[in-house]
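Here is what each chain is made of, one letter per residue.
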Amino acid sequence: QVQLVESGGGLVQAGGSLRLSCAASGSIFKQSRMGWYRQAPGKQRELVATISPGSFTRYADSVKGRFTISRDNGKNTVYLQMNSLKPEDTAVYSCNAEPAVLVSTPWNYWGQGTQVTVTS
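Residues numbered from 1 in each chain as written. Predicted model: local features only at pLDDT ≥ 70, side-chain atom pairs only at ≥ 80, totals over all residues. Heavy atoms only, no water.

**Some details on the pairing of strand 11 (residues 114-119)**
Worth spelling out the cut-off: Partly exposed residues are those whose accessible area sits between 20% and 50% of the maximum for their type, while under 20% is buried and over 50% is exposed, using a 1.4 Å probe and protein chains only. Working definition: helices are DSSP H or I runs of at least four residues, strands are E runs of at least two. Numbering for both runs from the N terminus. At least two DSSP bridges between two strands are required for those strands to pair.
Here strand 11 shows a buried face lined by T114, V116 and V118 and an unburied face lined by Q115, T117 and T119. As judged from the 4 bridges shared by strand 2 (residues 10-13) and strand 11, these two strands associate in the parallel manner. Residue Q13 lies in a different strand from strand 11, and its bridge partner there is T119. Summarising the sheet, strand 9 (residues 91-99) and strand 11 pair through 3 bridges and their orientation is antiparallel. The partner of A91 across the bridge, within strand 11, is V116.

**Comments concerning the pairing of strand 4 (residues 32-39)**
Each regular strand shows side chains that alternate between the opposite faces of the sheet. Counting buried residues along strand 4, 6 of its 8 residues qualify, which places the element largely inside the surrounding structure. Pairing geometry for strand 4 and strand 9, over 8 bridges, is antiparallel. From the neighbouring strand, R38 faces strand 9, where its bridge partner is Y93. Here strand 4 runs beside strand 5 (residues 46-51); their pairing, made up of 5 bridges, is antiparallel. Its bridge partner being in strand 5, M34 is matched across the sheet by I51. Remark: 6 residues form the turn of the hairpin made by strand 4 and strand 5, two consecutive strands paired antiparallel; G42 in that turn has positive phi of roughly 75°.

**So, the nonpolar core**
Rule in force here: Throughout, nonpolar core names a set of buried Ala, Val, Leu, Ile, Met, Phe, Trp, Tyr and Cys residues whose side chains join them through atoms within 4.5 Å.
Counting residues in each nonpolar core, the largest one holds 30 residues, and the members touching the most others are M34, W36, L80, M82 and Y93. Every element with two or more residues in this core is listed here: strand 3 (18-24), strand 4, strand 5, strand 7 (67-72), strand 8 (77-82), strand 9 and strand 11.

Set out below in structure tokens:
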């Protein structure tokens, strides 16, 4: 059983920073592309950033230059450093794990989410 547990959310003023963490149990972390997604009230979930096992990264245009995704394969943890936060970054942020390559038995795991609230 794989579990993803996020932490690090909270309340911050605009311009501030937060660092989210997602710790993964189980053995699939090193083979997974890890992603951070967010969902604001009344909106669809959107991709924030992803990172491959080899640390190739991809970002949504709205967060480029402000957010940084990273991973520690030794700790089975993925991070999202969020700087220069804006009120529009307010959302529930969730961590995702899926195969980095085509596999016969794919997986798709989600964490429970952590709330990020940015005040103006």
